[in-house]
Amino acid sequence: MKKNLNETAKRNILKMKEYEKGNVHFAAKIGISTGKASQLTGSDTTISSTIMNLICECYKISETDLFSKQWKPVHPDNILQDKYYGYFFTTWAKTKPKIDIAEILIKDEHRIDFKINSKKEFDGVITVSDNFITADIHRLSHRNHYQAFFIMPRDPNIKHPKKYYGGLGFLILPTDSELVPVVQRIMLSCVPLCIEDGHEDNEFVRKNLFLEHDNHKSKVEVSDDKEVFYYLRGKLNSRT
């Protein structure tokens, strides 16, 4: 089924093309030919539901908003802090697992250094969309690529250009990291937390990272992420 593009939708697609620096990169991003991408902003253009879905998915915009609201790219410089701390469990064992710590430095061109317990070093690229912060990382000691990344939902109450303080997401690390190569929860924080036994930060981290040992389909609920965000914001405010 095809739908006529109105002027708002055309302007939005033109801005997306400008953001991608031309038709070629825009077409590659959404997975269509350059010719089809060129036709989208013609004088009398229709768009198929398939291509519309691809655009909306890639640019994190609803079909309604594509036709009615001005699209603006999210600039990571306006969202991210320079440094984060990541907290996650070494194992899903039901005995009290060790909390591991990662230091995440945001560098130029949105590259990151990801260091676990000041020993295991990764680097990679971090990207920000309207809904998620995603980091694609690989081990520095091995130049081949691993399936290693974290996905952080941005709190729905935080709109750019306000900074992202942290939240609850997922982490996948390769087997040679000596961690179980399954999805784990990760808490990202722009303020360091105390994980010594008995400290309130330790208890808060454990409560929010806990997963059922045999549950491989866990997800992060918005309410979970909000609780973490507000806790972190409170810690940040207490330091200023």
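Residues numbered from 1 in each chain as written. Predicted model: local features only at pLDDT ≥ 70, side-chain atom pairs only at ≥ 80, totals over all residues. Heavy atoms only, no water.

Moving on, we come to the overall build of the protein. Counting its regular elements, the protein contains eight helices and ten strands. For the protein, contacts bridging at least 24 residues in sequence account for 53% of all contacts bridging at least 6. Per element, the accessible surface of the protein, about 13100 Å² overall, is 50% carbon and sulfur. (Helix = DSSP H or I, 4+ residues; strand = E, 2+ residues; numbered from the N terminus. Contact = heavy atoms within 4.5 Å. Areas by Shrake-Rupley, 256 points an atom, 1.4 Å probe, with all protein chains shown as cover.)

Attention now goes to the environment of alanine 9. Summarising the element assignment, alanine 9 is placed in helix H1 (residues 7-19). Given the relative accessible area of 0%, alanine 9 is considered buried. (Buried < 20%, exposed > 50% of the residue type's maximum accessible area, 1.4 Å probe, protein only.)

Turning our eyes to something else, we now look at the nonpolar core. Core analysis: the largest hydrophobic core is formed by 22 residues, its most contacted members being Leu80, Tyr84, Ile104 and Phe114. Put simply, the parts of the chain that give this core at least two residues each are strand E3 (83-89), strand E4 (99-106), strand E5 (111-116), strand E6 (120-128), strand E7 (132-139) and strand E10 (184-189). Sequence-distant contacts of tyrosine 84, that is, excluding residues within four places in its chain, are made with Ile79, Ala102, Glu103, Ile104, Ile106, Tyr164, Tyr165, Gly166, Leu188, Ser189 and Cys190. Within the second largest apolar cluster, 20 residues are counted, among which are Leu5, Ile30, Ile32 and Ala37. (Core = buried A, V, L, I, M, F, W, Y, C linked by side-chain atoms within 4.5 Å.)

Such a bond, covalent and formed between the sulfur atoms of two cysteines, is termed a disulfide. Within the structure shown, the criterion is met by zero disulfides. With no disulfide of its own, cysteine 56 lies closest to cysteine 58 among cysteine sulfurs, the gap being 9.7 Å. Given the relative accessible area of 11%, cysteine 56 is considered buried. (Disulfide = S-S within 2.5 Å.)

Moving on to the packing of helix H7 (residues 200-209) against helix H8 (residues 222-239). Between H7 and H8, the least distance of the axes is 11 Å, while the angle of their chain directions is 165°. Classified by the angle between their axes, H7 and H8 sit roughly antiparallel to one another. Regarding H7 and H8, the two cross each other, and that crossing is left-handed. On the side of H7, the interface is formed by Glu200, Asp201, Phe204, Lys207 and Asn208, while H8 contributes Asp224, Glu227, Val228, Tyr231 and Lys235. Of the residues belonging to the contact of H7 with H8, the class tally is three nonpolar, one polar and six charged. (Axes fitted to C-alpha atoms, helices over the stretch in contact; angles between N-to-C directions. Parallel < 35°, antiparallel > 145°, perpendicular 65-115°, else oblique. Left-handed = near helix turned anticlockwise from the far one by under 90°. Nonpolar A, V, L, I, M, F, W, Y, C, P; charged D, E, K, R; others polar.)

The pLDDT averaged across the protein works out to 79; a share of 79% of its residues lies at or above 70. Averaged over each element, pLDDT in the protein is lowest for strand E8 (residues 148-153) (67) and highest for H7 (92). (pLDDT = per-residue confidence, 0-100.)

Glancing now at the packing of helix H2 (residues 23-30) against helix H4 (residues 49-58). Interhelical geometry of H2 versus H4 gives an angle of 95° and a closest axis separation of 9 Å. Classified by the angle their axes make, H2 and H4 are roughly perpendicular. In this structure, H2 uses Phe26, Lys29 and Ile30 to contact H4, whose residues at the interface are Leu54, Ile55 and Cys58. Each residue belonging to the contact of H2 with H4 can be placed in one class, and the counts come to five nonpolar, no polar and one charged.

Here seven bridges tie E3 to E4, and the two strands are oriented antiparallel to one another. In the sheet register, tyrosine 85 faces E4, and the bridge partner there is glutamate 103. Both E4 and E5 contribute to a ladder of five bridges, which runs antiparallel. Within the sheet, the bridge partner assigned to leucine 105 lies in E5 and is aspartate 113. Turn length for the E4-E5 hairpin, with the two strands adjacent in sequence and antiparallel, is four residues, and the turn residue glutamate 109 shows positive phi of about 55°. (Pairing = 2+ DSSP bridges.)

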